[in-house]
Structures are given as structure tokens and as C-alpha cells.
Amino acid sequence: DAGVTQSPTHLIKTRGQQVTLRCSPKSGHDTVSWYQQALGQGPQFIFQYYEEEERQRGNFPDRFSGHQFPNYSSELNVNALLLGDSALYLCASSLWGYEQYFGPGTRLTVT
Amino acid sequence: DQQVKQNSPSLSVQEGRISILNCDYTNSMFDYFLWYKKYPAEGPTFLISISSIKDKNEDGRFTVFLNKSAKHLSLHIVPSQPGDSAVYFCAASGGRDDKIIFGKGTRLHILP
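Quick look at the structure, then.

Definitions and limits used
- Residues numbered from 1 in each chain as written.
- Chains lettered and ligands numbered in written order.
- Predicted model: local features only at pLDDT ≥ 70, side-chain atom pairs only at ≥ 80, totals over all residues.
- Heavy atoms only, no water.
- Helix = DSSP H or I, 4+ residues; strand = E, 2+ residues; numbered from the N terminus.
- Rg over C-alpha atoms; globule rule 2.2 N^0.38 Å.
- Buried < 20%, exposed > 50% of the residue type's maximum accessible area, 1.4 Å probe, protein only.
- Contact = heavy atoms within 4.5 Å.
- Areas by Shrake-Rupley, 256 points an atom, 1.4 Å probe, with all protein chains shown as cover.
- Pairing = 2+ DSSP bridges.
- Salt bridge = Lys/Arg side-chain N within 4 Å of Asp/Glu carboxyl O.
- Phe/Tyr/Trp six-rings, centres within 6.5 Å; stacked < 30°, edge-to-face > 60°.
- Core = buried A, V, L, I, M, F, W, Y, C linked by side-chain atoms within 4.5 Å.
- Axes fitted to C-alpha atoms, helices over the stretch in contact; angles between N-to-C directions.
- Patch = residues over 30% accessible without salt bridge, like charges linked within 9 Å, V, L, I, M, F, W, Y side chains within 5 Å.
- Buried area = accessible area lost by both parts, 1.4 Å probe.
- Polar contact = N/O pair within 3.5 Å; in protein donor to acceptor, adjacent residues only side chain to side chain.

To continue, consider the overall build of chain A. Scanning chain A from N- to C-terminus turns up zero helices and 11 strands. Counting from the amino terminus, helix and strand elements in chain A follow one another as β-β-β-β-β-β-β-β-β-β-β. The C-alpha radius of gyration computed for chain A amounts to 13 Å, which stays within 12% of the reference 13 Å derived for 111 residues, consistent with globular compactness. Counting all 111 residues of chain A, 50% fall into the buried class. When contacts within chain A are restricted to residue pairs at least 6 apart in sequence, long-range pairs at least 24 apart make up 52% of them. Counting every atom, chain A has about 5,300 Å² of accessible surface; 48% of that belongs to carbon and sulfur.

Next comes the structure, spelled out in C-alpha cells:
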């Protein structure tokens, strides 16, 4: 049984560009959450999707947006990239009401 | 404003001894507490959780203790093994469906 998968593994972008990260949840899971982990910090909650709707949002600007598809997979989009957006982006999936399981993350570097 | 605090960036423990990782929180609305373990190049792995209605939860070598009055929780690992060397994140949420707030992590080194 495949766990949570994320693509790509690594990504290098230039300031001002846009990026899309992808996440496939663990089989049977219907909820996807996205987190940003800066170096030396714990993961910070960006937003959560359930039934294709954004259910909760953390303290991130509107440049961060997302989507959940009918098959429960999800995308995270970041517009107008800043140097400070460089981080590990983690996707976590869960069955609504149960523990979240994390993917390996996408390492984004903005130059 | 850090709502979940892990004040020890690192901890070294002899193999076979007890590892105790500590965590404090400030938000009294937190209802559910979790510990995650993270190896390099991997996402955090769920270890153990505890609901605010309990003060102890045990799973094999791992035990989490919750002291609500002190807003403090701890993770005990007994006995510590080499494979336990990793970064441990304390986390809290308003419930199982809720967003998770993480601490900065404690790097645990198990010494041979």
C-alpha cells in the first residue's frame, strides 16, 4: 500500500515565478493538509482540503492557494515566489477525524 | 508567538537508557497532542498521541504523559535504541480534524 506521495522531490525556481506542487494521499484517505517547514523549524500549517473544499487555513498570504481533486489528490500553488518561500513543503493525508500521515516533502529553492 | 515549545534543541542518551523529551504549550484550547519522529529526507512519522481527557498513553517502548495544569507533555522512550536517533516533534491541535501546530523539534542522539 503506497503511502503519501509528493512530486517533484526537488525544485529550483526564480523570484517572481509560480510553482505547483502535487500530492497523492494514502489509499483510503480523504483529507489533505499542506505544511511548510523552513530550516530549523517545525512544520507550519498552510491549509487543509476535505471534499474538494478548503476547510482551514493557516497564516499564509493569498499567494498560496490549493486545490483538491475528486480522487482526493491535491495541488499547492505559490505565486510571485519570494526568497523566503524556500522550504520543505509537506503534504499530509488522513481519513477525516484520524491521524495525519506525511509524505516525504518537496524541497523548493527560490533564487 | 510559539504555541508549542520544545526548549531542548538536542539530547544525547546512552543506548538502553530512558530518553525523555519535553514539550510545553500555551493554548488551553488544545485538545489533542501528538509526537512525530523525522529522519533526514523523510516526512514526519506519527509516533503516538494523547487526548486531553487522559494523562498517559502507552504504545510499546513509547509513553506520552500529559500534565494539563502545567501545560506540559513528555515522551518517554524505554529502552532507547540506535534507530531512535532522529528529530522528534511535539505537536498539538484542537482535535483530530484540526490543523496541527508543531514545536521546533528536539534532535535525539542515541549513543552506543
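With that out of the way, let us pick up the sheet that holds strand 1 (residues 4-5) of chain B. Residues and elements named next belong to chain B. If you trace the five strands from one edge of the open sheet to the other, you get 1-3-8-7-6, paired in antiparallel fashion. Whereas interior strands pair on both sides, the edge strands pair on one side only; in this sheet they are strand 1 and strand 6 (56-59). By the bridge criterion, four bridges tie strand 6 to strand 7 (residues 62-67) in an arrangement that is antiparallel. Along strand 7, the bridge assignment pairs Glu58 with Thr63.

Residue and element names in this part refer to chain B. Under the defined criterion, the tally for this structure stands at seven salt bridges over all chains. Lys56 is paired through a salt bridge with Glu58; the nearest N and O atoms lie 3.9 Å apart. Taking relative accessible area as the criterion, Lys56 reaches 42% and is therefore assigned partly exposed. Glu58 sits in the exposed class, given a relative accessible area of 52%.

To continue, consider the packing of aromatic side chains. All told, the structure shown has 14 aromatic pairs over all chains when counted by the stated rule. On the basis of an interplanar angle of 90° and a centroid distance of 5.7 Å, the ring pair of Tyr35 of chain A and Phe102 of chain B is categorised as edge-to-face. Here Phe102 of chain B lies in strand 10 (residues 101-102) and Tyr35 of chain A lies in strand 4 (residues 31-37), a pairing that spans two chains. No difference in accessibility class separates Tyr35 of chain A from Phe102 of chain B, as the two residues are buried. Seen from their ring centres, Phe47 of chain A and Tyr49 of chain A are 5.4 Å apart, and the 85° between their planes marks the pair as edge-to-face. An identical accessibility class is assigned to Phe47 of chain A and Tyr49 of chain A; each is buried. Taken together, the ring pairs in this structure connect Tyr35, Phe45, Tyr101 and Phe102 of chain A together with Tyr36, Phe46, Phe89 and Phe102 of chain B into an aromatic cluster.

Turning our attention to the nonpolar core. Counting residues in hydrophobic clusters, the biggest one holds 24 residues, and the most contacted among them are Phe33, Trp35, Leu73, Leu75 and Tyr88 of chain B. Broken down by secondary-structure element, the contributors of at least two residues to this core are strand 3 (19-25), strand 4 (32-38), strand 5 (45-51), strand 7, strand 8 (72-77), strand 9 (86-93) and strand 11 (106-111) of chain B. Per element, the largest residue contribution to this core is four residues, and it comes from strand 9 of chain B. With 20 residues, the next largest nonpolar core counts Cys23, Val78, Cys91 and Val110 of chain A among its residues.

Moving on to the sheet that holds strand 3 (residues 19-24) of chain A. Residues and elements named next belong to chain A. Across the sheet, four strands lie side by side as 1-3-8-7; this open sheet has antiparallel pairing. Strand pairing shows two members of the sheet lacking a second neighbour, strand 1 (5-7) and strand 7 (64-68), which therefore form its edges. Taking the axes of each pair of neighbouring strands and ignoring which way they run, one obtains an average angle of 20° across the sheet. In this sheet, strand 3 lies alongside strand 1 in antiparallel orientation, the contact comprising three bridges. Following the sheet pairing, Thr5 is matched in strand 3 by Ser24.

All right, on to a nonpolar patch on the surface then. Residues and elements named next belong to chain B. Taken together, the side chains of Ile18, Ile20 and Val78 define a hydrophobic patch exposed on the protein surface, amounting to about 220 Å² of accessible area. As for its position among the elements, Ile20 is in strand 3. What makes Ile20 partly exposed here is its relative accessible area of 35%.

What follows covers the interface of chain A and chain B. Every contact between the two is made by 20 residues of chain A and, on the other side, 19 residues of chain B. Taken over both partners, the interface formed by chain A and chain B buries close to 1,600 Å², and the fraction arising from carbon and sulfur atoms is 53%. Viewed at the interface, chain B and chain A are joined by zero salt bridges. The interface formed by chain A and chain B contains four residue pairs in polar contact (both at pLDDT 80 or more).

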